[in-house]
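Examination of the molecular architecture
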Amino acid sequence: MGTRHKEDQLRDIRAVVFDFDGTLAVLNIDFSEMREQVFELMRKYGVNEEKVEERYLLEIIDEVVPILSKSNSSAAEEFYQKAHLILHGIEMKAAEEGRMLPGVKEALISLKRKGIKVGIVTRNCEEAVRKVVPDIEAFCDVFVSRDLIKKVKPHPEQLTSVLKALHVTGKETVMVGDHTIDIQAGKRVGMKTIGVLTGRVKKEEFEKAGADWVLEEASEICELIPPSPPLVKGGGGGFSKVDKKH
Ligand SMILES: [Mg+2]
């Protein structure tokens, strides 16, 4: 695949959506500790991990709740609260040592200056992200943590809500993330996708997941994305694209 041709695909891009942990910030959440503690809690409630079909922890918790509520609805509620306390505790601990990756703040600001809209999405909780970046709104147009929606990525709901807030379509948007979840989520809503190698996923895994590009780090995206095509109010009352020549 020719590079020139591929970069042409970014010509009409109006928005870039970034994942947070491992993409914009150092990934220091201990997911295996999280998993171990939640599975231990599940066993205490009589649910064996062989019973769960979901792959990721938030989805596993949501899967266990209806299993428990069949026999005891207060146990189900209690399990949900306790499981989320485990997640929150580990996320907040990671946030204490959390920091943005070098160059990303500058990259986000530079994209905004080019007229590109910026979104940030995360499966992490709002409080942990704000502990690392209290002024997150200075670097993006919309920030959607898991607290704001029912279903997180790879479910399309989280990215759909970002597209709606930014008034752009999936086709006009690039999703950037350090996990194959980000690639999967982006593709589901028709976005272009970029995997970055600042998390724990390797280039080959991103390629297998169908990522359009793989970059060493998120800040490189600035050079790839040209300024947003200008918007003018069209005759029909809506906004339409104009060719720069006009
Ligand atoms: Mg991530």
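Residues numbered from 1 in each chain as written. Predicted model: local features only at pLDDT ≥ 70, side-chain atom pairs only at ≥ 80, totals over all residues.

Our focus in this paragraph is the overall build of the chain. Broken down by element type, the chain carries ten helices and eight strands. Taken over the C-alpha atoms alone, the chain extends approximately 65 × 40 × 35 Å along its principal axes. Burial status across the chain gives 35% buried among its 246 residues. Look at the contacts in the chain between residues 6 or more apart in sequence, and 57% of them connect residues 24 or more apart. (Helix = DSSP H or I, 4+ residues; strand = E, 2+ residues; numbered from the N terminus. Buried ≥ 20, exposed ≤ 12 C-beta atoms within 10 Å, placed from the backbone. Contact = placed C-beta atoms within 7 Å.)

This next bit is on unusual backbone geometry. Cis geometry marks the peptide bond from K153 to P154; its omega dihedral reads 15°. Looking at the element boundaries, P154 is found in the loop between β3 (142-144) and α7 (156-166). Its identity is not glycine, yet H167 carries a phi of approximately 55°, on the positive side. Inspection of the secondary structure assignment puts H167 in the loop between α7 and β4 (173-177). When the 13 C-beta atoms within 10 Å are taken as the criterion, H167 is described as partly exposed.

All right, on to the domain arrangement of the chain then. If you check the domain split of the chain, you get domain 1 (3-27 + 101-241) and domain 2 (31-96). Computed from C-alpha coordinates alone, the two centres of domain 1 and domain 2 are separated by 29 Å. With nine residues of domain 1 at the contact, the number on the domain 2 side is six residues. Residue composition of the side of domain 1 that touches domain 2, by class: four nonpolar, one polar and four charged. (Domains from an automatic or database assignment. Nonpolar A, V, L, I, M, F, W, Y, C, P; charged D, E, K, R; others polar.)

Spatial ordering of the open sheet is given by β3-β2-β1-β4-β5-β6, a layout of six strands whose pairing is parallel. Single-partner strands in this sheet number two, and they are β3 and β6 (213-215). Strand-to-strand twist in this sheet, taken as the mean axis angle between neighbours without regard to direction, amounts to 20°. Sheet analysis places strand β5 (residues 192-196) next to β6, joined by three bridges and oriented parallel. Its bridge partner lying in β6, V196 is registered against L215. Running over the sheet, helix α8 (residues 180-188) touches β1 (15-19), β4 and β5 and is turned about 165° from β4. (Pairing = 2+ DSSP bridges. Axes fitted to C-alpha atoms, helices over the stretch in contact; angles between N-to-C directions.)

Burial runs high along strand β2 (residues 117-121): four of the five residues are buried. Two strands pair when backbone bridges link them, and β1 and β2 are joined in this way by five bridges, in the parallel orientation. Paired with V16 across the strands is V118, a residue of β2. Taking the sense of rotation as the criterion, the β-α-β connection linking β2, helix α6 (residues 126-132) and β3 turns out right-handed. (Right-handed = clockwise from strand over helix to strand, strands pointing away.)

As a further point, take α8. Looking only at α8, the buried set comprises D182, I183, A185 and G186. Seen end-on, α8 carries its buried residues on one side only, within an arc spanning 165°. (Arc of directions from axis to C-beta.)

This paragraph deals with the environment of I116. Its place among the elements puts I116 in the loop between α5 (104-113) and β2. A count of 24 C-beta atoms within 10 Å places I116 in the buried class. Remark: the alpha-carbon pair of I116 and Q37, spanning 79 residues in sequence, is separated by 41 Å. With residues up to four places along the chain from it excluded, the contact list for I116 reads I13, R14, A15, V16, L111, I225 and S228.

On to helix α3 (residues 57-69). When the terminal C-alpha atoms of α3 are compared, their 18 Å separation across 13 residues agrees well with the 18 Å that a helix rising 1.5 Å per residue should span. Looking only at α3, the buried set comprises I60, I61, V64 and L68. In a view along the axis of α3, the buried residues occupy a sector of 100°, so they form one face of it. Looking at the buried residues of α3, the elements they touch are α2 (31-44) and α4 (73-96). (Expected span 1.5 Å × (residues − 1).)

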